[in-house]
Amino acid sequence: MEYKKLARTGIEIPEIGFGTWKFRGESTVIRRAVELGANLIDTAEIYGTEAAVGSAIQGIRDQCFIATKVSPGHFHYKDVLSAADGSLRRLGVDTIDLYQLHWPNRSVPIEETMRAMDELITAGKVRFAGVSNFSVQEMKEADRALGEGRVVSNQIKYSLFDQGFGDEVIPYCEERGITVLAYSPLEQGSFEADARKRKELGNALNRVSQETGKTAAQVLLNWTIRSPVVIAIPKTDRVPRVDENCAASGWRLTDEQYAALTQAAGAVTGRRWWT
Ligand code: NAP
């Protein structure tokens, strides 16, 4: 596993982490991910998987970097504080390593939400603050509210099949050294069916798979983590796929392979489901 800096914190995080939305696997799956270095485990209060993460990391918590999220319905000051306590309890930890605002909520002033975030950091309940599904403009507002440079990450949908939001957010994050956590990098498991529908992209993916000797999933993940600020957080319920996904790290597509895939994918963009 190769590691990248979490923004300018000096902390290293793996370029392949582990997502847990809809996770129904055994603890051994998460423990295998940690064993292979994919020790950034992403969850959210809304997923219903914090307790499963908590029990999987028992005895190995110090080897893990735990990222969870507060739901937009809890962005008022007091609600953020109690949501964090709920997550800490379900995870069975004293500190959340990365606490992310799950998606923007225009009806609550970001200053109010970040006042609670600041208090959680001061109290040692949260190490670092992040956001998710935030546009560049929303990132600027969040950063201003918490204090310049203190929002260390933005978690966004980003895959070869859906590059639109990344095209907007990643250049800004590269400029500032902000980390991007790419979610649904395998298109929620539909990448094989999608590749069959999009012939040019499917052909490019097959060709690069053959050239590299890597699986299509590994090629997709490697494409996703091309930028020095981007890590991917694929989810799987299965140990063999943890091994497969982690082996997407430690090598690089050539410039030609990267360009061929990007060009074949074109600029198709998914809907912003949270707006
Ligand atoms: P994903 O990681 O793109 O895809 C997961 C699906 O792909 C599962 O159905 C899994 O099936 C399958 N899969 C995994 N590895 C595979 C492989 N090597 N070959 C073939 N299929 C494979 O989708 P995601 O769960 O939406 O995204 C990842 C994580 O991002 C989430 O778990 C969550 O932590 C985060 N996320 C965040 C947001 C947000 O708003 N911030 C939104 C969505 C997701 P099996 O489990 O059967 O292997």
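The rules we used
- Residues numbered from 1 in each chain as written.
- Predicted model: local features only at pLDDT ≥ 70, side-chain atom pairs only at ≥ 80, totals over all residues.
- Heavy atoms only, no water.
- Helix = DSSP H or I, 4+ residues; strand = E, 2+ residues; numbered from the N terminus.
- Rg over C-alpha atoms; globule rule 2.2 N^0.38 Å.
- Buried < 20%, exposed > 50% of the residue type's maximum accessible area, 1.4 Å probe, protein only.
- Contact = heavy atoms within 4.5 Å.
- Phe/Tyr/Trp six-rings, centres within 6.5 Å; stacked < 30°, edge-to-face > 60°.
- Pairing = 2+ DSSP bridges.
- Core = buried A, V, L, I, M, F, W, Y, C linked by side-chain atoms within 4.5 Å.
- Near = heavy atom within 4 Å.
- Polar contact = N/O pair within 3.5 Å; in protein donor to acceptor, adjacent residues only side chain to side chain.
- Areas by Shrake-Rupley, 256 points an atom, 1.4 Å probe, with all protein chains shown as cover.
- Nonpolar A, V, L, I, M, F, W, Y, C, P; charged D, E, K, R; others polar.
- Axes fitted to C-alpha atoms, helices over the stretch in contact; angles between N-to-C directions.

Participant: What am I meant to see in the overall build of the protein here?
Facilitator: The helix and strand tally for the protein stands at 11 helices and 10 strands. Since a compact globule built from 275 residues should have a radius of gyration of about 19 Å, the 18 Å found for the protein is in line with a globular shape. Sorting the 275 residues of the protein into buried and exposed places 55% on the buried side. Sequence-distant contacts in the protein: of pairs separated by 6 or more residues, those separated by 24 or more amount to 76%.

Participant: Would you mind showing me how to read the packing of aromatic side chains here?
Facilitator: Given two aromatic rings, their pairing is described by the distance between the two centres and the angle made by the two planes. Evaluation of the coordinates by the stated rule reveals three aromatic pairs. An angle of 35° between the planes, with centres 5.3 Å apart, marks the rings of Tyr 158 and Trp 223 as tilted. Separated by 65 residues along the polypeptide, Tyr 158 in the loop between β8 (151–157) and α6 (164–176) and Trp 223 in helix α9 (residues 216–224) bring together distant segments of the chain. Of the two residues examined, Tyr 158 and Trp 223, each falls in the buried class. Judged by centre distance (5.6 Å) and plane angle (20°), the rings of Trp 223 and Tyr 258 are stacked. Highlighted residues: Trp 223 in helix α9 and Tyr 258 in helix α11 (residues 255–265), separated in sequence by 35 residues.

Participant: Mind showing me how you'd approach the pairing of strand β5 (residues 65–70) here?
Facilitator: Counting buried residues in β5 gives six out of six residues, a clear majority hidden from the surface. Residues Phe 65, Ala 67 and Lys 69 line one face of β5 and the alternating positions Ile 66, Thr 68 and Val 70 line the opposite face, and both faces are buried. Relative to β5, strand β4 (residues 40–42) runs parallel, the two being bridged by three bridges. Across the sheet, the residue bridging to Asp 42 is Ala 67, located in β5.

Participant: What's the story with the nonpolar core in this structure? I'm lost.
Facilitator: As a rule of thumb, soluble globular proteins bury nonpolar side chains together. Ranked by internal contacts, the top residues of the largest apolar core, which has 79 residues, are Tyr 99, Leu 101, Met 114 and Leu 261. Sorting elements by how many residues they give to this core places helix α3 (residues 77–91) first, with seven residues. Ignoring anything within four residues of it in the chain, the contact list for Met 114 reads Leu 101, Val 131, Ala 142, Ala 145, Leu 146 and Val 151. The next biggest cluster of nonpolar side chains, apart from the first, holds 13 residues, and it includes Ala 7, Phe 65, Ala 67 and Leu 98.

Participant: Looking at this model, I keep getting lost on the site of the ligand. Mind explaining?
Facilitator: Surveying the vicinity of the ligand reveals 29 residues, the closest of which are Asp 42, Ser 184, Leu 186, Lys 235 and Thr 236. Within the backbone of Thr 20, a nitrogen or oxygen atom sits 3.1 Å from an oxygen atom of the ligand. Gln 188 has a polar backbone atom sitting 3.1 Å from an oxygen atom of the ligand. Out of a free accessible area of 890 Å², the ligand has 91% covered by protein chains. Looking at the shell around the ligand, the element that brings in the most residues is helix α10 (residues 239–246), giving three residues. For the shell around the ligand, the residue count by class is 10 nonpolar, 11 polar and eight charged.

Participant: Can you help me understand the sheet that holds strand β3 (residues 18–19) in this one?
Facilitator: One key point about sheets: their strands pair by backbone hydrogen bonds, in either a parallel or an antiparallel sense. If you walk across this open sheet you meet the eight strands as β3-β4-β5-β6-β7-β8-β9-β10, and the pairing is parallel. Edge positions in the sheet fall to β3 and β10 (230–232), since each has one partner strand and no second. With four bridges joining them, β5 and strand β6 (residues 96–101) adopt parallel strand pairing. By the bridge assignment, Val 70 is partnered in β6 with Leu 101. Across the sheet, α3 touches β5 and β6, and the angle it forms with β6 is around 135°. Sitting on the sheet, helix α4 (residues 110–122) touches β6, β7 (126–132) and β8, and the angle it makes with β7 is about 155°.

Participant: It is not clear to me how the environment of Pro 14 should be interpreted in this structure. Could you clarify?
Facilitator: Relative to the elements of secondary structure, Pro 14 occurs in strand β2 (residues 12–14). Overall, the relative accessible area of 1% leaves Pro 14 in the buried class. With 26 residues separating them along the chain, Pro 14 and Leu 40 place their C-alpha atoms 6.7 Å apart.

So yeah, pure geometry; function would need other evidence.
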